[in-house]
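Summary of the model geometry
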Amino acid sequence: MSWKELEEAAVVKGGTSSAYVVSGWRVRKPVIDEAKCTNCLICWIFCPEPAIVRHEGAKVTIDYDHCKGCGICETECPLKAISMVMEP
Amino acid sequence: MTQMEAAKAVALQGDEAVAEAVRQCDVDVVAAYPITPQTIIVEKLAEFVASGRFTGEFIPVESEHSALSACVGASATGARVFTATSSQGLAYMHEMLYNASGLRMPIVMAVANRALSAPLVLNADHGDMMGSRDSGWIQVYAENVEEIYDRTIQMFRLSEDPRVMLPSTLNFEGFILSHDKERVRLLDDEPIKKFLGRPAPKHRLDPKEPLSFGAMASPDTYYEFRLQQAEAMRSALAVFEETEREFEAFSGRRYGAVDAYNTDGADRVAVVNGCAAGTMRAAARAMNLGGEKVGVLAIKLYRPFPAREVAAQLRRAKSVITMDRSISLGAPAGPIAQDVKSTLKGAGMNQPVTSVVYGIGGRDLSVEDGRKVFGLAKEGVSSAETSVMYGAKQ
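Read on for a plain summary of the structure. If you're wondering where the values come from, they're calculated on a predicted model, not measured in any experiment.

Rules used in this analysis
What you see as residue numbers is a count from 1 along each chain, following the sequence as written. Chain labels run from A onward and ligand labels from 1 onward, assigned in the order the entries are written. Thresholds applied to this predicted model are a pLDDT of at least 70 for local features of residues and 80 or more for the giving and counting of side-chain atom pairs; totals over whole chains, interfaces and linings are not thresholded and use all residues. Think of the side-chain values as coming from all heavy atoms in the structure, minus any hydrogens and water. For cavity detection a 1 Å grid was placed over the protein atoms alone, and a set of points counts as a cavity when a 1.4 Å probe fits there but cannot get out; an open set counts as a pocket when protein lies on both sides within 12 Å along at least five of seven lines, with lining residues being those that have an atom within 4 Å of a point. Grid points are joined across faces, edges and corners, and a volume is the space filled by probe spheres set on the points. Residue polarity is assigned by list, with Asp, Glu, Lys and Arg as charged and Ala, Val, Leu, Ile, Met, Phe, Trp, Tyr, Cys and Pro as nonpolar; anything else, Gly included, falls into the polar class. Between two residues, a contact is recorded if the distance between any of their heavy atoms is within 4.5 Å. As a working definition, buried area equals the accessible area (1.4 Å probe) given up by two parts on being put together, with both sides summed. For this analysis, a salt bridge means a side-chain nitrogen from Lys or Arg found within 4 Å of a carboxyl oxygen belonging to Asp or Glu. A 3.5 Å cut-off defines polar contacts: any pair of N or O atoms within that distance qualifies, except that in protein one atom must be a possible hydrogen donor and the other a possible acceptor, and neighbouring residues in sequence count only when both atoms are side-chain atoms. When DSSP finds at least two bridges between two strands, those strands are taken to pair. Each helix is a run of DSSP H or I of at least 4 residues and each strand a run of E of at least 2, with the numbering of both proceeding from the N terminus.

Tallying each qualifying case throughout the model produces 2 cavities of 30 Å³ or more. Taken as a whole, the largest cavity spans an internal volume of roughly 100 Å³. Lining the largest cavity are 14 residues, and of these Cys-37, Cys-40, Cys-43, Cys-77 and Ile-82 of chain A lie nearest its centre. The class makeup of the residues in the lining of the largest cavity is 12 nonpolar, 2 polar and no charged. As a volume, the second largest cavity reaches approximately 30 Å³. Around the second largest cavity sit Ser-75, Gly-78, Ala-79, Pro-106, Glu-160, Met-165, Pro-199, Ala-200 and Pro-201 of chain B, which together line it. Of the residues assigned to the lining of the second largest cavity, the class counts are 6 nonpolar, 2 polar and 1 charged.

Encoded structure:
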């Protein structure tokens, strides 16, 4: 694209990064044990990415497209309901 | 009565003149951190806030990096933004300088030029700004206090022009100009307001309409974003001229992108920026009276570099002396020497150029020194590999 057509200063609409898969470098992935999970949302608070997804009337799930596998959720979960599992 | 006749003459230090101009420019946000010799600017603005004479937001920050970061955020909302720094402060801003220019934020910054540590030094040279020379900021060098006052006002108009949208720095030597008290003919608030208008950026940061500024570029696009900045710099040359013309219309004052003194009748022309221009003119005047054909070309607008005007003014000179108040360590010549040599070569001119370094770390340059600097060209001491370190104790 010519410099004349590009939007100056790379200004784009907000929220566009949700369209990108940014989890390719993950080594271990968090898996939630639904039986242990009380939906306390501590993982949702601590997750540095928007990778813990809340649901109306259901427990949290993980958005694996944006989870980078840092393991903070596993460390912070008070009920040990999250475990990090090696990616295949 | 004309505006000029109505102008109130007062005695102001360079730093005070900046603060006074900022107060009159309807600035929305100031975020700054004090550093010698720029401190008076921040102190004065804080005083104006306390006394209710400045109604903009004053953000006291914990560092220069934060100062410029706050300025970038404020500028993104469409506010008129000002900051000021010196030396280590400018160095600490370095990362954010590129963000401000890349995000096309028309922030205005006063830089009271001071040499860089180590060893620790408080006095003037241009090493701080030259270290950030390629950061994409417009760079103007003033040579007296009234020019500092006028240029501060002009910079907002220039930076905020939709054809430009680049941040700018107004440079003046620390202590020599920042603390020197000179006559300034103050202008009225109303014509300044009319001259400046209000910033009208294409995009504004607004929670109701979320935007992402400076989204990630790839090898496929980054080059073109840089090209946009280069083109904006080119536009700034014409807009600078326009700005000066409009400013002159109500103030009666004009400086030019370059200031030529006797370049028509001179065999030798010294190219210089900052307050040494006046010193060199005084030396030239005395030498002219003694029959020596010398002239002075003061570079006022350093980035974008007014190459066409520089070439035109040097066309008749038999030899050129460039004067750098900074050392580019290991380089074949100082930054101004490089710009001038490149300009001459590009214009098909081939005069000998004597590259002179002077005034480092606040080393004084007297009128008598000015005469000696002109003498260096006569002696033909130029070398392809290095600059003459004028005034250094060998």
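There is more to say, and it comes next.
The next point concerns the interface of chain A and chain B. In this assembly, 12 residues from chain A lie in contact with 18 residues from chain B. Carbon and sulfur atoms make up 63% of the surface buried where chain A meets chain B, a total of about 1,400 Å² over both sides. On the chain A side of the interface with chain B, the three residues burying the most area are Trp-3, Ala-9 and Val-11 of chain A, jointly 40% of the side's total. Put simply, chain A and chain B have 2 salt bridges between them. Joining chain A to chain B, the criterion identifies 9 residue pairs in polar contact (both at pLDDT 80 or more). Here the residues of the side of chain A that touches chain B are counted per class, giving 7 nonpolar, 2 polar and 3 charged. Note: strand E1 (residues 12–13) of chain A against strand E9 (residues 211–212) of chain B, 2 bridges, orientation antiparallel. What sits directly across from Val-12 of chain A, in E9 of chain B, is Ser-212 of chain B.

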